[in-house]
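Close look at the chain arrangement
So you can see what is in the structure, the chains are spelled out below.
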Amino acid sequence: MKFVVVWSIRLGLAVAGLGMLELPVRAEMEQIESVGDRPPVSIRAADLVAQPSKLAQTAAPSQITGVKLNPRPTELEIVLETADGRALEVDASKFTSEGNTLIAEIPNAVLTLPDGQAFQAENPSSDITKITVEQQSPTSIRISVVGNNTLPTTDVVLKTGAFSYSLNPDPEGAEEEIVVTGAGQDGYFVTDATTATKTDTPLRDIPASIQVIPRQLLEDRQVRRVDQAADNVPGVQVDVTQGGLPAAEFFIRGFNSFLATYRDGFRSDANVGLFNVASIERIEFLKGPASVLYGQNEPGGIVNIVSKQPLTQPYYAPSLTIGSFDFYSPTLDISGPLNSQKTVAYRLNLAYENAGSFRDFVNSENIFVAPALSWQIGKNTKLTFIAEYQKFNYAFDRGFAPTGPEIFQVPISRNLGEPDFNDATAETGRASYVLEHQFSENWKLRHGFAAVISNFDKSEITPFFLQEDRRTIDRAAVKENNTSQNLTLQNEVVGKFRTGFVAHQVLLGVELYRQKNTIRSSGAEIAPIDLFNPVYGAEPGVFSLEADEESLSDALGIYFQDQITLLSNLKLLVGGRFDLIRTIRRDFLNDSVPTDSTDFAFSPRAGIVYQPIEPVSLYFSYATSFNPNLFGTSATGEAFEPEKGEQFEVGIKADLLSKRLAATLAAFQIRKENVLVTDPNDPDFSIQTGEQKSRGMEFNLVGRPVNGWNVVASYAYTDAFVSKDTDPLLVGDRLTQIPRHQLGLFNTYEIQRGTLKGLGFNLGLYYVSGDREANLPNDGLRLPSYFRVDTGIFYKRDNWKLQLNVNNLTNIDYYNSNGFFIVPQPPLTVLGKVSVEF
């Protein structure tokens, strides 16, 4: 017998208020499969039922108020609806078969159907003659699925809450198994994430602030670009880069996250952060310094984009999205087993996008292919391969230069380039594999390798200086080619042991990383243009070579971590990483080597979590970061020391409303030192006496307060500023693009019963305060505040879904910036989508 469980809450905590499930889950890990869109961890059912049955502890019986059948081409889903919307208890030993009948016995449950009778359905499929759900005893029910002379061949799936079970016997007579998702999720409520510790640890046990944007939230909002996820993460803002490239770069807690985006734990491309939402399972934001596990980074935090995994059940999901500005995008997500034993599985995501823009002369075309393959080599060994290729061709568009308040009087559609010149093509190929082997119940090896290769060509007309008449803006023509090659090799061992009454989970890792970048750039003069009455058609002059450089970085990182459980409610996290980085930057144009440095750094981290009562976690943490200074020149010609950052953070995490909501409140202070500033003795050189600080408070609330209502809400207060500089006028200046106040709220509600069942609505409210500085040094130019309203409606029926999203409902003008350019954001935009799963 094989049955599959999709967990929406983590093991080790109360399950739907029915007691504690204290099992050595990770120690029994045998394989990682996938249920729905979630990568699970497999555990032998025999091991599960051998444990004391704490699910059977006394609790009020759940009331089953409805039974629904969802027939699909290869599957029949039996949905048990409860009065409180929670999952039922399930005893593994109660799944059996007798003759041609599949039987499931559910304890601690009573039928309260509207007609007061048992549920029966005749001939729901060609090989099933009857399904019955009836009261077996005063506190248990019995589900019978009768096959047509033999056991059903259709996959019969029992669904209760966010759990799904397959009732069909394994054709090979294999040992029973339960499959549990690696990141527990119920709606928008994700309970586990791996980015902060590289282990499967409940978020409430980690002394850090982590926000996870799950697949469902991306789909409900119809997110088309990864950076849109920043709307729902407190303390995170979009970093607009590369003239409209669908990148994944952010400002986190006041600091630019350049080099801080990861894919499945591997460092992403430094030059072309090209991503496609089609293959993303979730996005994990880790706030604060992360060098303890990830090496060189800015102190604000990192972003880890987690890929969809292959599934062992057939899955097919085509969709088509059509929207404003000639937008259309078909996608296809297919997955399933490649052999009868289901030890080899595949997944393939395909996406195509063609779009115009609210900006003049701007259009784009995007092609995306992402195959994945998993192989369960043996009982304790699994290999997963993931690859993707993306080509994005678009009209390169910087937006406006931050030259003065006049730009906010210009229509947001205004393009200051040339319609026949601005063009760019970005291509990225990624491939990675991860080999996992379980040596024993307590020790596991993870070996991984990733390669990222990209090429980026662009031609752009860039506005940069506003003349005295305050309407004529100077421009420059640029042609540029960037290439990048990133290679990462990781080896990690995770183990569990005890020293007396103290439990340890240790992580030991070694990482090798190589990054090679090239840039070749040419420039030419071109006529200026009038902001308010542009006349196009100017031709660039003669191009001359302005840059021809190559940089090569080789890094070795050795890291360790110990998650220590002193008491059941008192946990420590300690760790550190040693990094050795050699960087060479060659300037072929001037036949020089501006940078040839070797940097060594040690990055410690420590934290403590105290849980005075089971739903509440109080935590304190200290973390550090480092980032090499690759640019700038000292008067003596000596290499600069790396920038260093440190953070102190205190916070509280709480599960509310019987774990229907999770809240995090955090306060932090970050200090970054060794920042390059102008040498007061010679402005052509730099010195390392600069310092920047960021301090603030963040609040995040996510969950499902009542059945059918999903919500994520956030607020951040951030004060990021220059704290030391050789120019006293700069001290106290705020860092660019960082608002003091940021508020986000997104809700969806789906009607649960009646004739309108499946109809749903969503509402998003987003506020950013008007104190975002456009320039550093601050010159008084600030981006205006905005309050944006997004809304939508959807309808689900069987395996179909129709969805309509309206973004920027009130059609306000608003802008983002990166300290170099100010980029108008989309006006009222409509996206309609039809999708089906089978």
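Just so you know, the residues in each chain are numbered from 1, in the order the chain's sequence is written. Predicted model: local features are reported for residues with pLDDT of at least 70 only, side-chain atom pairs are reported and counted for 80 or more only, and whole-chain, interface and lining totals are derived from all residues. Derived side-chain values reflect all non-hydrogen atoms in the structure, with water molecules and hydrogen atoms excluded from consideration.

In terms of regular secondary structure, the protein chain is built from three helices and 50 strands. The rule is simple: take the accessible area with a 1.4 Å probe, protein chains only, and divide by the maximum for that residue type; under 20% is buried, over 50% is exposed, in between is partly exposed. The buried share among the 838 residues of the protein chain stands at 59%. By definition, residues are in contact when any of their heavy atoms lie within 4.5 Å. Residue pairs at least 24 apart in sequence account for 67% of intrachain contacts in the protein chain once pairs closer than 6 positions are excluded. For accessible areas, the Shrake-Rupley method is used with a probe of radius 1.4 Å. Any residue's cover is judged against the shown protein chains and nothing else. Only carbon and sulfur atoms are counted for the fraction: they give 57% of the accessible area of the protein chain, which is about 32700 Å². A run of DSSP states H or I qualifies as a helix once it reaches four residues; a run of E qualifies as a strand once it reaches two. Both are numbered from the N-terminal end.

With that settled, the discussion passes to the sheet that holds strand 24 (residues 301-307). Pairing in this open sheet of five strands is mixed, and the strands run 17-23-24-21-22 from one edge to the other. Across the chains shown, the open sheet's two edge strands, defined by having one partner strand only, are strand 17 (210-214) and strand 22 (266-267). If DSSP finds at least two bridges between two strands, the strands pair.

Another aspect to go through is the nonpolar core. Counting 29 residues, the largest nonpolar core has Ile213, Val226, Phe250, Ile283, Phe285 and Ile305 as the members making the most contacts within it. Among the secondary structure elements, those contributing two or more residues to this core are helix 2 (215-221), strand 18 (236-238), strand 19 (250-252), strand 23 (280-287) and strand 24. Sorting elements by how many residues they give to this core places strand 23 first, with three residues. Non-local contacts of phenylalanine 250, meaning those with residues more than four positions away in its chain, are made with Val226, Asp227, Ala230, Val236, Gln237, Asp239, Phe255, Asn256, Ser257, Phe285 and Val303. In this structure, Leu102, Ile106, Ile141 and Val156 belong to the second largest nonpolar core, which totals 28 residues. We call a set of buried residues a nonpolar core when its members are Ala, Val, Leu, Ile, Met, Phe, Trp, Tyr or Cys and they connect through side-chain atoms within 4.5 Å of each other.

Taken together, the 17 bridges between strand 35 (residues 570-587) and strand 36 (residues 592-610) define a ladder with antiparallel strand orientation. Within strand 36, the residue paired with arginine 582 across the bridge is threonine 598. Judged from the six bridges that link them, strand 36 and strand 37 (residues 616-627) form a sheet pairing that is antiparallel. Considered in strand 37, the bridge of glycine 607 is made with serine 621.

Moving on to the sheet that holds strand 20 (residues 255-256). The three strands lie next to each other as 18-19-20, forming an open sheet whose pairing is antiparallel. Because the sheet does not close on itself, it has two edges, and the strands there are strand 18 and strand 20.

Once that is clear, we can look at unusual backbone geometry. Of all residues except glycine, most have a negative phi; of all peptide bonds, most are trans. Between leucine 776 and proline 777 the backbone carries a cis peptide bond, its omega angle lying at 5 degrees. By the element assignment, proline 777 lies in the loop between strand 44 (772-773) and strand 45 (782-783). Positioned with a positive phi, lysine 659 is a non-glycine residue whose angle comes to about 70 degrees. Within the secondary structure layout, lysine 659 lies in the loop between strand 38 (643-656) and strand 39 (661-678).

Below, the discussion takes up a nonpolar patch on the surface. Here, patches come from residues exposed beyond 30% relative accessible area and free of salt bridges, joined within 9 Å for like charges and within 5 Å for nonpolar side chains (Val, Leu, Ile, Met, Phe, Trp, Tyr). By definition here, a salt bridge exists when the distance from a side-chain nitrogen of Lys or Arg to a carboxyl oxygen of Asp or Glu is within 4 Å. On the surface, Leu508, Val510, Leu512, Leu556, Ile558, Phe560, Phe578, Leu580, Phe600 and Phe602 cluster together to form a nonpolar patch covering roughly 870 Å² of accessible area. Checked against the element boundaries, leucine 580 lands in strand 35.

Bringing the packing of aromatic side chains into the picture now. Only Phe, Tyr and Trp rings are paired, with Trp represented by its six-membered ring, and only when their centres lie within 6.5 Å; those with planes under 30 degrees apart are stacked, over 60 edge-to-face, the remainder tilted. Scanning the model with the defined rule gives 17 aromatic pairs in all. Above the ring of tyrosine 294, the side-chain terminus of lysine 198 is found at 4.9 Å from the ring centroid. We call a charge positioned above a ring when the Lys NZ or Arg CZ atom is no farther than 6 Å from the ring centre and deviates by at most 35 degrees from the ring normal.

Let's shift gears to the pairing of strand 5 (residues 101-107). Strand 5 sits mainly inside the fold: six of its seven residues count as buried. Pairing between strand 4 (residues 95-98) and strand 5: four bridges, direction antiparallel. Paired with serine 97 across the strands is leucine 102, a residue of strand 5. If you look at the hairpin formed by strand 4 and strand 5, you'll find two residues sitting between the two strands, and glycine 99 has a positive phi there, around 60 degrees.

The next thing to look at is the confidence of the model for the protein chain. Scored from 0 to 100, pLDDT records how confident the predictor is in each individual residue. Confidence along the protein chain averages 87 in pLDDT terms, with 89% of residues attaining 70 or more. Contacts for the low-pLDDT stretch residues 1-58, under 50 throughout, to residues beyond four places or in other chains number 209 contacts. A low-confidence stretch, residues 171-184 stays under pLDDT 50, and its non-local contacts, those more than four residues away or across chains, total 64 contacts.

A separate point is the side chain of asparagine 808. Among the structural elements, asparagine 808 can be located in the loop between strand 47 (800-807) and strand 48 (815-817). A relative accessible area of 1% means that asparagine 808 is categorised as buried. Non-local contacts of asparagine 808, meaning those with residues more than four positions away in its chain, are made with Arg788, Val789, Asp790, Tyr814, Pro826, Pro827 and Leu828.

Attention shifts here to the pattern of salt bridges. Evaluated as defined, the whole model comprises 49 salt bridges. One salt bridge connects glutamate 550 with arginine 586, and the closest N-O pair in it is separated by 3.6 Å. Placement of the pair is glutamate 550 in strand 34 (residues 544-567) and arginine 586 in strand 35, with a sequence separation of 36 residues. When its relative accessible area of 17% is taken as the criterion, glutamate 550 is described as buried. In this structure, arginine 695 and aspartate 719 form a salt bridge, with 3.9 Å as the shortest nitrogen-oxygen distance. On the criterion of sequence distance, the pair formed by arginine 695 in strand 40 (residues 686-703) and aspartate 719 in strand 41 (residues 709-724) is long-range, its members being 24 residues apart. The buried category is assigned to aspartate 719, whose relative accessible area is 12%. Via salt bridges that share partners, Arg695, Asp719, Arg734, Arg740 and Asp771 belong to a single interconnected network.

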